[in-house]
Structure formats: structure tokens, C-alpha cells
Amino acid sequence: MTKRLFGTDGVRGLANHGNMTAEMALKLGAAAGRYFRREGSGASTAHRVVIGKDTRQSGYMFENALTAGLTSTGMNVLLLGPVPTPAVGLLARSMRADLGVMISASHNPADDNGIKFFGPDGFKLSDEAEAQIEALVTEGVALAQAENIGRAKRIDDGLGRYIEYAKTTVPAGMTLDGLKVVIDCANGAAYRAAPETLAELGAEVIPIGVGPNGRNINYLCGSTQTDACARAVVEHRADVGISLDGDADRVMILDADGKMADGDQLMALFADRWKAEEKLRGQTLVATVMSNLGLERHLGDHGITLHRTKVGDRHVVDAMRRGGYNLGGEQSGHIVMTDYATTGDGMIAGLQFLAEMIRTGRAASDLMHSFDPVPQRLENVKFGLGTAPLDLDAVKDAIAEAERLLGNRGRLLIRPSGTEPLIRVMAECEDEALLHTVVTSVADAVRAAQ
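Residues numbered from 1 in each chain as written. Predicted model: local features only at pLDDT ≥ 70, side-chain atom pairs only at ≥ 80, totals over all residues. Heavy atoms only, no water.

Draft legend 1. Local environment of the overall build of the chain. When helices and strands are tallied, the chain shows 14 helices and 18 strands. Here the chain has a C-alpha radius of gyration of 22 Å; the compact-globule value for 450 residues is 22 Å, and the two agree. Expressed as a percentage of the 450 residues in the chain, the buried residues total 58%. Surface exposure of the chain reaches about 18,200 Å², of which carbon and sulfur atoms provide 49%. In the chain, 47 positive and 58 negative side-chain charges are present, and the distance between their average locations comes to 4 Å. (Helix = DSSP H or I, 4+ residues; strand = E, 2+ residues; numbered from the N terminus. Rg over C-alpha atoms; globule rule 2.2 N^0.38 Å. Buried < 20%, exposed > 50% of the residue type's maximum accessible area, 1.4 Å probe, protein only. Areas by Shrake-Rupley, 256 points an atom, 1.4 Å probe, with all protein chains shown as cover. Lys, Arg positive; Asp, Glu negative; His and termini not counted. Charge placed at Lys NZ, Arg CZ, Asp CG, Glu CD.)

This is the structure in C-alpha cells:
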């Protein structure tokens, strides 16, 4: 069964266009409600769903539309308001919900939005479940009888529950006293949760990106644009900066000089530490095809296997669950620690980094550079909707020539984005001149083919 609505991470796109409309959200809500409702389990009070969102203006529209669709199939809706994506996974499980829904386009601009579904176990849905929900959207669903229509209500303590849980992931008795931390919340979902968590653990907190207005999420801030965080760290002479994305499932760490560590460096740090503590299951780290070759070499030198997956933290988590592994993530900053969370959690990953600073007494700059990355170049090329540039002979020829030039000196990865109309052209090679040549040639071929 194929999928057309769902991409790499749920349904995502420009709000009020294409599949990201209130009408489609209502249909998705009804389809998900019908898919997850346990038939024959009695009154509608037995069925519930938690809905969280980030701070985008269009979130109000999608929240209401999803609520209408879900209640029409007998689901009771618990509205969490703005909370990080991992909070939805946590609360879906702890509140014994049938499913969880997060309304967010993650690191994308404010005009985009998305809908992500979590199962009752707190994990994102499988490809098979998403395909079946899509089929129900197309076929239509049987609505609940009038007496079984669901209710909706606001849950005021959802954020507090998540904050309390996040604090428990820091070793018992440890405080962050003496640490000055800049936290950039990207004007997004963690604008309250992250500063409050850090302050309650004893850190001196300098919050930025905590003034959401519905339009400024991820704008010149957050994990994809860390300059603001870097400036704040230097200006306030902070020990470390933590930069989250719009839904707080990604993180970047900055040292006292404003230099950044990506997800690969963080995974290397945690993998080394967990292996030393005999906590790393299967002596394996799960990461995607985008992770740097330098990470793979570093792990191999330390007796750790790197298991690669397709791009998307959902694919990372799937591989972790199948293999029984407990650490994985993406270069982009998704860090998945299934001992603590069911999905990438930027705040909890940041807390683990701070805990390592306290435990070792070492500066952030010492901890965030575990290996020298192999030079890597990524170029994103936009393409028109309805076109398939990777199917064209000219592009295939350019890719084949690039692979011939690289030989065994590096690697080339060409893939369409799962969330945007982009072709991502990435290569790694110690010869930077050759690296520039192969990436540019393929990217130019994609542009010329349109």
C-alpha cells in the first residue's frame, strides 16, 4: 500500500495549500480516530487522544479541524496547547491515550505546518499504519452515533508533567548550579518548558527565542540558524548554549566561544560514555545515511558499530526497536535515547550534555569534539512540483560521472527531501577540491534539467 499524504515525518506542507488544509485535517482526524478506536470497548469515554502543537498561527486552525474529525468518530480529545513534540509521545503513553497528535512543521518556516501521529506506545506510526490511515481518508469513515460523539477539553498540566519527567533524566542529586546556559527556543514549542526546566535544576538561564507571535518560529533563531545563540553565549559569557528547533525535537550545542557541535558529535560523546558505563545496547549506534564518515570511523575505533538508516528520526527509531538498541539520531540534531523518550528530544539531549559537563568538570568545548569530520558538502536544489529530476538521463549521467570521480575516496548521496520540494546533493571526501566539483556538477545538472 503506497502513501501520498505522509512524507518523511507525517503530513507537512504550506498551510492552506495542497494537503495542509483544514478540510484535510478534519479527514485525517476522522480517519485516525476510526483507525485507533478500539471497537467493542464500550462507551466513548474509553477512547482518547492527546493533541499538542507548536506556536504557528495556523496551529489554531488545524487543532480545531483535527478535534472535529476525531470527536466525530467517538474520540475524546485532550488539548495540551504548545508543548514539545516529545511531550506528546510521553503523554500519549502516560495518559493511556489511543493516540497522540503533534501539529508542527518542526524546523520549517512559519507558513508551513504539519501533522504527526503517535501510537498508544508513544512511538511514531509505522509506514503500514500511515498507509491504512491514508486509505481511510480516501474511502471515508463511518461516523459515531450521536450519543457517542466525543468531547474535547484543555489539559492545563501537560507541560508541567513533561518538565517534571525531563528533570528525572538528570542523575539523582545532580544540580546545574554554577552553569550559565543560553537556551534558544526558536520562538517555538519549548519557549516555556526549556527555560523552566533548566532554572529548576539550578542553572543560570539566559533565554532567547521565547517570544512567539505565531509568525516568528525558527526565524533567525533555533537549531538551523544558531548565530543568535552564538552571539548571546559570547555576550553573556555563558558556559554553553543549547539551541532547539521549533518543536524541540532537535538540538545543537554551542561552546563558550559560540562554536557549534552537530548531532554527530553529540552522538559520539554519548555513545562513548554509554559504552564505558556498559549502557550501550548491542554496542551499536543508529544514525542515518547523512551522518559523517568521520563518526563511523571514530565509532569503529572504539568498538562501536554504526547502523545506518534512511533519513528521518522515525526510521532511526524503527531500526533501534528492531535491533534492541537504545541510542541513535541524526546529524541534524535529532538525538534519540529510548531509555528516556520515544522520539528525538532536544531538551533531554541537552540535559544529558549538561550532566556530562557537571560529571566531568570539563568545558563544553572539550566535550563536543570527539572526532574530526571528513569534509562534507551539501547543496539543496529546488525543483518544480510535478517534476522528477532524478529520473532524467542528464541527471543520471552527472551522478554516474560524480561517482566515478570519487571512486573509493569518498561517498555521494542524492535524495529528494521528504518534507520540501528539494533535491539534496551531499558528498564526503578528504579532497575538498574534488568534493566541490562533484557536488556542483550534480546540483547544476538538476537545475538545468527543469
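Draft legend 2. Representation of empty space enclosed by the protein in the model. The final tally for this structure, using the stated rule, is three cavities of 30 Å³ or more. Space inside the largest cavity adds up to approximately 60 Å³. Surrounding the largest cavity, P86, G89, L90, R93, Y162, Y165, Y340, A341, T342, D345 and I348 form its lining. Those elements that place two or more of their residues in the lining of the largest cavity are α3 (85-94) and α5 (158-168). Ranked by residues supplied to the lining of the largest cavity, first place goes to α3 with four residues. Classifying every residue of the lining of the largest cavity gives seven nonpolar, two polar and two charged. (1 Å grid on protein atoms, 1.4 Å probe; cavity = no way out; pocket = protein on both sides within 12 Å on 5 of 7 lines; lining within 4 Å. Points joined across faces, edges and corners; volume = space filled by probe spheres on them. Nonpolar A, V, L, I, M, F, W, Y, C, P; charged D, E, K, R; others polar.)

Draft legend 3. Quick peek at the pattern of salt bridges. Taken as a whole and assessed by the stated rule, the structure comprises 31 salt bridges. Residue R359 pairs with E356 through a salt bridge whose shortest N-O separation is 2.8 Å. On the criterion of helical spacing, the pair formed by R359 and E356 is a turn pair, its members being three residues apart in helix α11 (residues 346-360). You can call R359 partly exposed: its relative accessible area is 40%. Between D444 and R447 there is a salt bridge, with the nearest N and O atoms lying 2.9 Å from each other. Of the two residues, D444 and R447 both sit in helix α14 (residues 432-448), three residues apart, roughly one turn of that helix. For R447, a relative accessible area of 38% corresponds to the partly exposed category. The network of salt bridges with common partners includes D9, R12, K116, K124, D247, D249 and D313. (Salt bridge = Lys/Arg side-chain N within 4 Å of Asp/Glu carboxyl O.)

Draft legend 4. How the structure looks around the sheet that holds strand β1 (residues 11-14). Taking strand neighbours across the sheet as the criterion, the six strands line up as β1-β5-β4-β2-β3-β6 in an open arrangement whose pairing is mixed. The open sheet has two free edges, formed respectively by β1 and β6 (152-154), since each of these has just one partner strand. On average, adjacent strands in this sheet sit at an angle of 15° to one another, irrespective of strand direction. Bridge count between strand β2 (residues 48-53) and strand β4 (residues 99-103): five bridges; the pairing is parallel. Residue pairing for β4: V49 is matched across the bridge by L99. Along the sheet, helix α1 (residues 22-36) contacts β1, β4 and β5 (112-118); its crossing angle with β5, the most-contacted strand, is approximately 5°. (Pairing = 2+ DSSP bridges. Axes fitted to C-alpha atoms, helices over the stretch in contact; angles between N-to-C directions. Contact = heavy atoms within 4.5 Å.)

Draft legend 5. Region of the structure containing the side chain of T71. By the element assignment, T71 lies in helix α2 (residues 59-72). The exposure class of T71 is buried, given its relative accessible area of 11%. In terms of polar contacts, T71 uses its side chain to reach the backbone carbonyl oxygen of T67, at 2.7 Å. Sequence-distant contacts of T71, that is, excluding residues within four places in its chain, are made with V77, I149, G150 and R151. (Polar contact = N/O pair within 3.5 Å; in protein donor to acceptor, adjacent residues only side chain to side chain.)

Draft legend 6. Representation of the packing of aromatic side chains within the structure. Scanning all chains against the criterion turns up three aromatic pairs. For the pair F6 and F117, a centre-to-centre distance of 6.1 Å together with 50° between the ring planes defines the contact as tilted. With a gap of 111 residues between them, F6 in the segment before β1 and F117 in strand β5 connect regions that are remote in the sequence. Against the face of Y60 rests K53, its NZ or CZ located 3.8 Å from the ring centre. Directly above the ring of F123 sits R321, whose terminal nitrogen or CZ lies 3.7 Å from the centroid. (Phe/Tyr/Trp six-rings, centres within 6.5 Å; stacked < 30°, edge-to-face > 60°. Lys NZ or Arg CZ within 6 Å of the ring centre and 35° of its normal.)

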